[in-house]
Amino acid sequence: MWVLIHYQQVALFSLKSSGATSSGGKTLLCPTPFAVKMALLDAAIRTLGLANAQQLWPLLRDLRVQLRLPDRLMVLHLFARIVRSRHGGAVDATGGGLQTPLGSTIAYREYVQYNGPFTLALQAASGDQLPDRVVALLPQVNYLGKRGGFIQCQQIDTLVETLDPSEFTLLTLPQTTFPSEGMIQMLDDCGPKMTLEHANIYNSKRIALGKERLIRHIVLPYRQTRTSRGFSLYERIRNDVDNVPLQITAQAVTPLELDDQSGAAIRGALTNSLWDRFCTNKAAPTCADCPLVQNCPVATLVAPMREEEQKGGDQHPRPYVIEPPLGQRRYGPGETLRFGLGLFGRVAALFPYLIVSVPAFEAQGLGRKLPELRHRRGRLQVELIESVSPLTGERQTIYERGQVQTQVPGIAITPADVQAAALALPSDRLTLRFYTPMRLTDQQRLVQQIALRPLIQRLMRRFDDLSIMFGEGSIGLDWQWYIDQAERVQVVDDQTSWVDVVSYSARQRRRTPIGGLVGQATFAGDLTHLRELLVWGSLIHVGKNAVKGDGWYGVMDNGQ
């Protein structure tokens, strides 16, 4: 069981590494486990007395420590006047007589400022709950690091069973997973052989590195975002794949009939209209064969290519998803149909290309070729494009037929929006309703009976790929931890069924199976840390053929 302690910084930190010199005062971004345990020992001696503190020392020494820092940290770069011993002895300016053993000089100093509270999580090495007398010490800790790094305890939360590894960083064990863009910190800790005599600064007992004092390389999930002569700003690495949700309203001009799963047809019509309108090298058989592929907005939208050193197939996942019309399949002239289009990350800036390609989209037709239209596809007319948040219901008109000006999308679903929506959901029971077929594979086999673990596993892979290509880098999650959490969740009500659907590509002249599970399923268990991923999945879809509209689901708390 973990005890969480929330502290507020009330003075600037100077968190020097154990290997730093007195004149080279560079700082760490966070307090070390050694500093935390020394602060607890100090509080024990002051409040309980030396004898009781000595009894507690083995427990304090072996504590497990996790840390959650605020989203923004600033390191101030300063020069300060200090006084230190003269290297040549105690002489005056002329070298003749005794003046003082100390001299004034300039030294470099760094200080850390947090933009909000930080949280320490402590647990006994055995995993047991901390004794009450140790918990009582926590409000007595009033500084960390060098003298003057004052803190104030704000709140203590006891008996927290699990911690979200995307929020907390474990400082007292070697890291097995970490964000590739994080900041490496050399943090010291107490070794298992360290005694109270070693911790006593008035004792001459030597502390040996690797025995009484351990050094660990810990990667914090932060990146430097701004720097100048006077400061450096660090921000937490987040899952910053903003989603720009669009809803397109069209009116049928002629009879129009869609397939049972119409996402593939809508996706094909959109990509063809972009190619027809903007491709400047139609002689190239594919985007991969075109020398302009890396700088082409059409390729960015419809065929984003991986670099040679990147793992995976030739192409990244497409930076958009289709949400096809549900229910009605045949439309008469004048009837309205609606479908959704979600754009991810930086690709949202290419929205004007979609607007300009609207006439080409209207002209080529959509759906099945009908006998009454001389075996041509039905035609439609785009009346309205809106930005609509599925999380809040907020709406903004982007494009309206007959209007000269088009608005820039002003509604984007951010990680903060997803987090807020996730926190509003129950943590023990959720229902997922699959609007379009969800096609998952697990160990190279189709998943034909719903389970949460393969869904979460595939969702994390898709989310990570999108974030690397179109967001701010890898999402940096402990994959195995989330998979283990999903494995413990049970399916308590399975109302899903398998449907077989085939998509035909005229360009590639081949059929692709896009069938999967539809219906709804209710899951029960500890969903606390899975809710945010599941909300993301409702926006980015999950499984194969997501770009064709597959894998679209909604998250509900009561199955309604």
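In what follows, the structure referred to is the one given above.
So, here is what we can say about the structure in this document. (Residues numbered from 1 in each chain as written. Predicted model: local features only at pLDDT ≥ 70, side-chain atom pairs only at ≥ 80, totals over all residues. Heavy atoms only, no water.)

## Let's talk about the overall build of the chain
Here is the rule: Helix and strand definitions here come from DSSP, where helices need a minimum of 4 consecutive H or I residues and strands a minimum of 2 consecutive E residues; each element is numbered from the N-terminal end. Three labels apply to residues, based on accessible area from a 1.4 Å probe with only protein chains included: buried if under 20% of the type maximum, exposed if over 50%, partly exposed otherwise in between. Working rule for contacts: check all heavy atoms of both residues, and any pair within 4.5 Å makes them a contact. Areas reported here follow the Shrake-Rupley algorithm with a probe of radius 1.4 Å; residue values treat only the protein chains shown as occluding.
The number of helices and strands found in the chain is 12 helices and 29 strands. Taken over 560 residues, the chain has a buried fraction of 48%. Of all intrachain contacts in the chain linking residues separated by at least 6 positions in sequence, the fraction that spans at least 24 positions is 74%. Carbon and sulfur atoms make up 48% of the accessible area of the chain, which amounts to about 27600 Å² in all.

## As for the packing of helix H10 (residues 452–470) against helix H11 (residues 479–487)
Axes are the key here: two packed helices are described by the angle between their axes and the distance separating the axes. Just so we agree on the cut-off: Fitted lines through C-alpha atoms serve as axes, helices being fitted only where they are in contact, and the angles separating the N-to-C directions of these axes extend from 0 to 180 degrees. By definition in this entry, angles of less than 35 degrees are roughly parallel, angles greater than 145 are roughly antiparallel, angles of 65 to 115 are roughly perpendicular, and the rest are oblique. If you view the pair so one helix is near and one far, a crossing is left-handed when the near helix is turned anticlockwise from the far one by less than a right angle, and right-handed when it is turned clockwise. Residue type decides the class: Asp, Glu, Lys and Arg count as charged, Ala, Val, Leu, Ile, Met, Phe, Trp, Tyr, Cys and Pro as nonpolar, and the leftover types, Gly among them, as polar.
It is at 8 Å that the axes of H10 and H11 come closest, and there the two elements cross at 150°. With respect to H11, the element H10 is oriented roughly antiparallel. When you trace H10 past H11, the crossing you get is right-handed. Residues Leu452, Arg453, Ile456, Gln457, Met460, Arg461 and Asp464 of H10 form the contact with H11, whose participating residues are Trp479, Tyr482, Ile483, Ala486 and Glu487. For the contact of H10 with H11, the class distribution of residues is seven nonpolar, one polar and four charged.

## Quick notes on the sheet that holds strand E20 (residues 380–388)
Inclusion rule: The pairing criterion for strands is at least two bridges between them, as found by DSSP.
Taken in spatial order, the five strands line up as E15-E17-E13-E20-E21 in an open sheet, and their pairing is antiparallel. The sheet is open, and its two edges are formed by strand E15 (320–323) and strand E21 (395–400), each paired on a single side. The sheet shows a mean angle of 25° between the axes of neighbouring strands, direction not considered. With respect to the sheet, helix H12 (residues 531–540) is in contact with strand E13 (243–252), E15 and strand E17 (336–344), its orientation differing from that of E15 by roughly 75°.

## Section: the pairing of strand E4 (residues 72–85)
Pairing analysis gives five bridges linking E4 to strand E12 (residues 231–236), with the strands arranged antiparallel. Bridging from a neighbouring strand, methionine 74 pairs with leucine 233 of E12. As judged from the 13 bridges shared by E4 and strand E5 (residues 102–114), these two strands associate in the antiparallel manner. Directly across from leucine 78, in E5, lies its bridge partner arginine 109.

## Some thoughts on the environment of serine 166
Along the polypeptide, serine 166 turns up in the loop between strand E7 (151–160) and strand E8 (169–170). Overall, serine 166 belongs to the partly exposed group, its relative accessible area being 22%. Separated by 55 residues in sequence, serine 166 and proline 221 have C-alpha atoms that sit 8.5 Å apart. Beyond its immediate stretch of four places on either side in the chain, serine 166 contacts Arg236, Leu477 and Tyr482.

## Considerations on the nonpolar core
For the record, the criterion: By nonpolar core is meant a set of buried Ala, Val, Leu, Ile, Met, Phe, Trp, Tyr and Cys residues that side-chain atoms within 4.5 Å join together.
In this structure, Leu452 and Leu534 are the most contacted members of the largest nonpolar core, which totals 83 residues. Considering each element in turn, this core owes the most residues, eight residues, to H10. Dropping the residues within four chain positions of it, leucine 452 is found in contact with Ala486, Val489, Phe523, Leu527, Leu530 and Leu534. Counting residues in each nonpolar core, the second largest holds 51 residues, with Leu15, Leu122, Leu137 and Leu187 among its members.

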